[in-house]
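# Analysis of the macromolecular model
Residue-level listing of the chains:
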Amino acid sequence: RQHKRAKATSCTTQLQNIDSTKEMWAKTDKKADGDTPTEDQVGKYFKDGMPSCPSGGAYTIGAVGNQATCSIHGTAPPPSPGKPLRLNVDSDWE
């Protein structure tokens, strides 16, 4: 169970990083809400390229202004000060 939770937490962090990187891409390339970057456009901001879900889920980057999603873990809510990260899904941790 702890291993599943660790994978879900890692996925959440990566989704938040993808969303932050998408915003950097939009500012750098003068894009607006609704524009969608490719994996290559976002991946170039990561040291090892576009991250992947540790549970084998597929990431959908989505448009600027929308959250990235994982086919297994859903979306990552913005972190709240002093609160642990929680996934926005109703399924069991994968």
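See above for the structure.
In what follows, the accompanying structure is described. A quick note: this is a predicted structure, and the numbers were derived from the prediction, not measured.

Here three strands make up an open sheet; going across it, the order is 1-2-3 and the pairing antiparallel. Each edge of the open sheet carries a strand with a single partner, namely strand 1 (59–60) and strand 3 (74–75). Across two bridges, the pairing between strand 2 (residues 69–70) and strand 3 is antiparallel. When the bridges of strand 3 are listed, cysteine 70 appears paired with glycine 74.

Moving on: the state of the cysteines. Evaluation of the coordinates by the stated rule reveals zero disulfides. Cysteine 70 supplies the cysteine sulfur nearest to cysteine 11, a cysteine that is in no disulfide, at a spacing of 3.7 Å. Its relative accessible area of 0% is what places cysteine 11 among the buried residues. Left unpaired, cysteine 53 is separated from the closest cysteine sulfur, that of cysteine 70, by 3.7 Å.

Another point: the environment of glutamine 14. Its location among the elements puts glutamine 14 in helix 1 (residues 2–28). On the basis of relative accessible area, glutamine 14 is assigned to the buried category, the value being 19%. Distance from glutamine 14 to proline 54, taken between C-alpha atoms, is 9.7 Å for residues 40 residues apart in sequence. In contact with glutamine 14, other than residues within four places in its own chain, are Pro51, Ser52, Cys53, Pro54 and Tyr59.

Calculation criteria
Residues numbered from 1 in each chain as written. Predicted model: local features only at pLDDT ≥ 70, side-chain atom pairs only at ≥ 80, totals over all residues. Heavy atoms only, no water. Pairing = 2+ DSSP bridges. Helix = DSSP H or I, 4+ residues; strand = E, 2+ residues; numbered from the N terminus. Disulfide = S-S within 2.5 Å. Buried < 20%, exposed > 50% of the residue type's maximum accessible area, 1.4 Å probe, protein only. Contact = heavy atoms within 4.5 Å.

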